[in-house]
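One-letter residues, chain by chain:
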Amino acid sequence: MNDFMDIELNPKNEFRCEGSFKLFGAVLDKLNFKIDTGCPMTTIPLLRTPLSPSVIEANKQKDYENIAVKKQISFGVNDSALKRKTDKLKFKQGLFSQLDSVTCTKTVQDFVIAGCNFGTMDIKVSYTRTGNMLIGMDILQNCDIHIAKTCDNKVHLLACPYNKLSDAYFLKLEEFYKTGTIIYSAINRNRL
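Read on for a plain summary of the structure. No experiment lies behind these values; they were computed from the predicted model shown.

## What about the packing of aromatic side chains?
Applying the stated criterion to the full structure yields eight aromatic pairs. An angle of 90° between the planes, with centres 5.5 Å apart, marks the rings of phenylalanine 21 and phenylalanine 111 as edge-to-face. Residue phenylalanine 21 is found in strand 2 (residues 16–23), and its partner phenylalanine 111 is found in strand 6 (residues 102–113); the two are separated by 90 residues along the sequence. A relative accessible area of 1% means that phenylalanine 21 is categorised as buried. Both rings, one in phenylalanine 33 and one in phenylalanine 111, keep their centres 5.7 Å apart while their planes meet at 85°; by these two values the pair is edge-to-face. Remark: phenylalanine 111 occurs in strand 6 and phenylalanine 33 occurs in strand 3 (residues 26–35); sequence separation between them is 78 residues.

## What about the layout of surface pockets?
Each pocket or cavity is described by its volume, and for the largest pocket that value is around 500 Å³. Around the largest pocket, the lining is made up of 21 residues, and of these Ser74, Phe75, Gly76, Arg129 and Leu134 lie nearest the centre.

## Here's the deal with the sheet that holds strand 10 (residues 143–149)
The three strands lie next to each other as 1-11-10, forming an open sheet whose pairing is antiparallel. The sheet terminates laterally at strand 1 (5–8) and strand 10, the two strands that pair on one side only. Sheet twist, expressed as the mean angle between neighbouring strand axes with direction ignored, is 15°. Of the strand pairs in this sheet, strand 1 and strand 11 (residues 155–161) are connected by four bridges, and their pairing is antiparallel. Within the sheet, the bridge partner assigned to methionine 5 lies in strand 11 and is alanine 159.

## Side note on helix 2 (residues 81–92)
Between its first and last C-alpha, helix 2 extends 17 Å over 12 residues, near the 16 Å set by a 1.5 Å rise per residue. Phi for glycine 94, located one or two positions after helix 2, is positive at around 75°.

## What about unusual backbone geometry?
The phi angle at aspartate 110 is positive, at roughly 50°, despite the residue not being glycine. Looking at where aspartate 110 falls in the secondary structure, it is placed in strand 6. The phi angle at asparagine 153 is positive, at roughly 70°, despite the residue not being glycine. Within the element layout of this structure, asparagine 153 appears in the loop between strand 10 and strand 11. The exposed category is assigned to asparagine 153, whose relative accessible area is 54%.

## Side note on the environment of lysine 83
Relative to the helices and strands, lysine 83 is located in helix 2. Residue class for lysine 83 comes out partly exposed when judged on its relative accessible area of 24%. Sequence-wise, lysine 83 and aspartate 6 are 77 residues apart; in three dimensions their C-alpha atoms are separated by 39 Å. Setting aside its immediate chain neighbours within four residues, lysine 83 contacts Phe75 and Asp100.

## Overview of the environment of aspartate 87
As for its placement among the helices and strands, aspartate 87 is situated in helix 2. Separated by 15 residues in the primary sequence, aspartate 87 and valine 102 have C-alpha atoms spaced 9.2 Å apart.

## Some details on helix 1 (residues 53–65)
Helix length check: helix 1 (13 residues) gives 18 Å between terminal C-alpha atoms against 18 Å at 1.5 Å per residue, within 8%. Three or more residues of helix 1 are buried, namely Ile56, Asn59, Lys60, Asp63 and Tyr64. The buried residues of helix 1 occupy an angular sector of 130° when the element is viewed end-on, so they sit on one face. In helix 1, those exposed residues whose orientation departs by more than 90 degrees from the buried face are Ser54, Lys62 and Glu65.

Conventions and cut-offs
Residues numbered from 1 in each chain as written. Predicted model: local features only at pLDDT ≥ 70, side-chain atom pairs only at ≥ 80, totals over all residues. Heavy atoms only, no water. Phe/Tyr/Trp six-rings, centres within 6.5 Å; stacked < 30°, edge-to-face > 60°. Helix = DSSP H or I, 4+ residues; strand = E, 2+ residues; numbered from the N terminus. Buried < 20%, exposed > 50% of the residue type's maximum accessible area, 1.4 Å probe, protein only. 1 Å grid on protein atoms, 1.4 Å probe; cavity = no way out; pocket = protein on both sides within 12 Å on 5 of 7 lines; lining within 4 Å. Points joined across faces, edges and corners; volume = space filled by probe spheres on them. Pairing = 2+ DSSP bridges. Axes fitted to C-alpha atoms, helices over the stretch in contact; angles between N-to-C directions. Expected span 1.5 Å × (residues − 1). Contact = heavy atoms within 4.5 Å. Arc of directions from axis to C-beta.

This is the structure in structure tokens:
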């Protein structure tokens, strides 16, 4: 386990990593997360996890019927204006099972992203979609983040939760980006 995330940009220009969390009493591991700074809330399509279809369906029915479970409507970039309008109407009417765009807020435990444990968190889950598992700004905003080419000319995302900032993280920053050297050079240049 690390105090920080270190993710190399892949050939498709994506930051992807493995992770895991506990939900519905099960440990879901070897999940393929995509870091998405354009995504406001972390969203996990449960059909892409190791959960069985029967477990997913049973929990979907419970959550859709439970008024205490926070639900939202979530659209894809390719959804038409008509679909959005129709889905919003069905959502207001509580016809959640007729929609593929409903997400439910769930609390997960031991949420590990690229080896860094974020602990217990609320995330959105979709019971019907099969897209990417997106790590959004709800998590990333709580991190010190650097994206740049490292000394070996590879692009890395290095991120550490503010509550876990450590010597190991700062040493990795220095190793990758020579931040201390750059700051020292800038200070000395301004003195001349």
